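Chain by chain, the residues run as shown.
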Amino acid sequence: MSENLYEILAAGFPADRTKPCFLFAEGGAVSYGELEDLVARTAARLVAEGVRPGDRVALQAEKSWAGVVIYLAALKAGAVHLPLNAAYTEAEVDYFLKDAEPAVFITDDVAYVDGAKGFEPLGDAVARSADDLASIIYTSGTTGRSKGAMLSHGNLAANAVALHDAWGFTPEDVLLHALPIFHVHGLFVALHCAFLSGCPMVWLPKFADAEVLKGLQQATVMMGVPTFYTRLLANPAFDRQAARNVRVFISGSAPLLPSTFAEFEDRTGRRILERYGMSEAVIITSNPLDGDRIAGSVGYPLPGVELRIGGGEETGVIEIRGPSVFGGYWRMPEKTAEEFTADGFFRTGDVGRRDPDGRVWISGRAKDLIISGGYNVYPKEVELVLDELPGVTESAVIGAPHPDFGEGVVAVVIGEGNEAALIAEARRQLAAYKAPKRVLFVDELPRNAMGKVQKNVLRQRYADLFAAG
Ligand code: AMP
């Protein structure tokens, strides 16, 4: 039997194909039947243009539902979907195209799908086995070359089914979709849950307060990055009434601040469900749908995911194994071998621990670890202390080269206050080597498209902070 992911997803489409799949803010909808037909025609166009099973189909375009058609058509044709961030520059795209050698590179998805309407629909999906490649996701690598995470049909299907079950999706749900679709969050996590339940999505090109508030009147599930939730909270119109229709708000792709979790609960009476994932494994852990959701914890490993802490200490690099963990990095066998243990666990590069209940707590990326005067400083520990201090909205702690200590702890803080007073307060609560040596106030922290604070940018910006003289 074919294990083509498209067939697995399409098996969840509603029996009544006139049901909407995409609902638009400006009114109007695209039904599951229309989607299915366009996917079949677009798959036929890909095949007619010479795309063979295993060939890459690259897509770089602003978010549109036509991009979803391309994704599904690539799967159906047995090809490998390669989404690229619309913000990538020509030079960056050039690198990806040379590295991935796609058979087709689509930049106008709307026109491509439109042009496919004259093709006879492709019948059955091209047979694929679980191990065959379905997608390559280039990681937002902050150092060195960006790596292409190879995800198979089996990887994505296993994760889709686990999430659909864990988060209790039903055909009665309506998912608010405001995420980009070049990244696993909006592309796999969100779309697959909707398809497996055959539910509609409120389809927004991006996060904009007014449209999201309107969409929430219809939606029962919202998925977002933490900045979506802080932006909602900054809008006084977002209140209990505005959230009343939604059964679960899900957050991930970057850490959710405990203060955001608490403020959200105060404002709406709902606890955000935080989960943890990455391009290399889609979703790894989740707080429970039923049961306690705890601020700061990313919950329990999903069924089928084995998770352990490497290095023999209580806190260390999180290692994972399971059906959704990717097969390796595209054309980087050495890098792949380095990142897997002898017994087949993937080293995530995230540092964390498990509490006695089995919950997972993440304390940051291993490469963000600061070594000051020979001591390890976990930025997260310092950030948690700073974030509680009066005047501090959010902090990002980094190491900057220091003539005496190797690295000196630096806090970059959104908020206002007095540097000396914050340092003094931090020193009361933390060992001296962990307390920041400098606190710098800023209006904004640099973030990528998924809301992750770009610590590499901060490290560069403050590289000379402690320069001798
Ligand atoms: P990406 O591959 O771009 O999705 O980035 C994955 C990384 O985002 C992970 O390795 C984590 O460092 C981070 N991440 C994702 N979800 C969370 C979360 N809930 N809490 C903390 N970090 C997260």
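Since the structure is predicted, the reported quantities are computational estimates derived from the model, not experimental observations.

(A) Examining helix 7 (residues 184-197) more closely. The end-to-end C-alpha distance of helix 7, which contains 14 residues, comes to 19 Å, matching closely the 20 Å that a straight helix rising 1.5 Å per residue would cover. The sharpest bend along helix 7 measures roughly 30 degrees and falls at L191. Extensive coverage of helix 7 is indicated by the burial of 14 of its 14 residues. The positive-phi residue at the C-terminal boundary of helix 7 is G198, with phi of around 65 degrees.

(B) Seen up close, the site of the ligand. If you check the shell around the ligand, you find 15 residues, and the closest are E274, R275, S279, D350 and R365. In the model, an oxygen atom of the ligand is placed 2.9 Å from a nitrogen or oxygen of the H183 side chain. Within the backbone of R275, a nitrogen or oxygen atom sits 2.7 Å from a nitrogen atom of the ligand. Notes on the ligand: free accessible area 500 Å², of which the protein chains cover 92%. The residue inventory of the shell around the ligand, partitioned by class, reads five nonpolar, five polar and five charged.

(C) Main features of unusual backbone geometry. The backbone of E101 shows a phi angle near 45 degrees, a positive value even though the residue is not glycine. Within the secondary structure layout, E101 lies in the loop between helix 4 (90-100) and strand 5 (104-106). For E101, a relative accessible area of 45% puts it in the partly exposed group. Unlike most non-glycine residues, V282 shows phi in positive territory, near 55 degrees. Mapping V282 onto the fold places it in strand 13 (residues 282-286).

(D) The arrangement of the pairing of strand 19 (residues 360-365) in detail. The pairing of strand 14 (residues 297-301) with strand 19 spans two bridges and is antiparallel. When the sheet's bridge partners are listed, S297 is paired in strand 19 with W361. Bridge analysis of strand 18 (residues 346-354) against strand 19 gives five bridges, and the strand direction is antiparallel. Residue pairing for strand 19: D350 is matched across the bridge by R365. Hairpin connection from strand 18 to strand 19: five residues lie between these consecutive antiparallel strands, with G358 at a positive phi of about 95 degrees.

(E) Expanded view of the nonpolar core. L35, L72, F195, M222, M223, F238 and F249 are the most contacted members of the largest nonpolar core, which totals 114 residues. With ten residues, the single largest contributor to this core is helix 7. Non-local contacts of F249, meaning those with residues more than four positions away in its chain, are made with L216, M222, Y229, F238, A243, F264, R270, I272 and L273. With 17 residues, the next largest nonpolar core counts V382, L389, V413 and A435 among its residues.

(F) View of the packing of helix 9 (residues 226-233) against helix 11 (residues 258-268). At a minimum axis separation of 10 Å, helix 9 and helix 11 run at an interaxial angle of 45 degrees. When the axes of helix 9 and helix 11 are compared, the pair comes out oblique. At the point where helix 9 passes helix 11, the crossing takes the left-handed sense. Residues Y229, T230, L232 and L233 of helix 9 form the contact with helix 11, whose own contacting residues are T260, E263, F264 and R267. Each residue belonging to the contact of helix 9 with helix 11 can be placed in one class, and the counts come to four nonpolar, two polar and two charged.

(G) Broad picture of the domain arrangement of the protein chain. Assigned domains of the protein chain: these are domain 1 (5-360) and domain 2 (369-461). The straight-line distance from the C-alpha centre of domain 1 to that of domain 2 is 31 Å. Facing 17 residues of domain 1, the contacting portion of domain 2 comprises 13 residues. Contact between domain 1 and domain 2 buries roughly 1100 Å² in total, counting both sides, with carbon and sulfur atoms accounting for 66%. Classifying every residue of the side of domain 1 that touches domain 2 by side-chain character gives nine nonpolar, eight polar and no charged.

(H) View of the layout of surface pockets. If you add up the space inside the second largest pocket, you get close to 590 Å³. P180, F182, P205, K206 and A449 are the residues nearest the centre of the second largest pocket, which is lined by 31 residues in total. Where the lining of the second largest pocket is concerned, the elements lending two or more residues are strand 3 (56-60), strand 4 (80-84) and helix 9. When grouped by side-chain class, the residues that make up the lining of the second largest pocket number 18 nonpolar, seven polar and six charged.

Calculation criteria
Residues numbered from 1 in each chain as written. Predicted model: local features only at pLDDT ≥ 70, side-chain atom pairs only at ≥ 80, totals over all residues. Heavy atoms only, no water. Helix = DSSP H or I, 4+ residues; strand = E, 2+ residues; numbered from the N terminus. Expected span 1.5 Å × (residues − 1). Bend = angle between axes of the 7 residues up to and from the residue. Buried < 20%, exposed > 50% of the residue type's maximum accessible area, 1.4 Å probe, protein only. Near = heavy atom within 4 Å. Polar contact = N/O pair within 3.5 Å; in protein donor to acceptor, adjacent residues only side chain to side chain. Areas by Shrake-Rupley, 256 points an atom, 1.4 Å probe, with all protein chains shown as cover. Nonpolar A, V, L, I, M, F, W, Y, C, P; charged D, E, K, R; others polar. Pairing = 2+ DSSP bridges. Core = buried A, V, L, I, M, F, W, Y, C linked by side-chain atoms within 4.5 Å. Contact = heavy atoms within 4.5 Å. Axes fitted to C-alpha atoms, helices over the stretch in contact; angles between N-to-C directions. Parallel < 35°, antiparallel > 145°, perpendicular 65-115°, else oblique. Left-handed = near helix turned anticlockwise from the far one by under 90°. Domains from an automatic or database assignment. Buried area = accessible area lost by both parts, 1.4 Å probe. 1 Å grid on protein atoms, 1.4 Å probe; cavity = no way out; pocket = protein on both sides within 12 Å on 5 of 7 lines; lining within 4 Å. Points joined across faces, edges and corners; volume = space filled by probe spheres on them.

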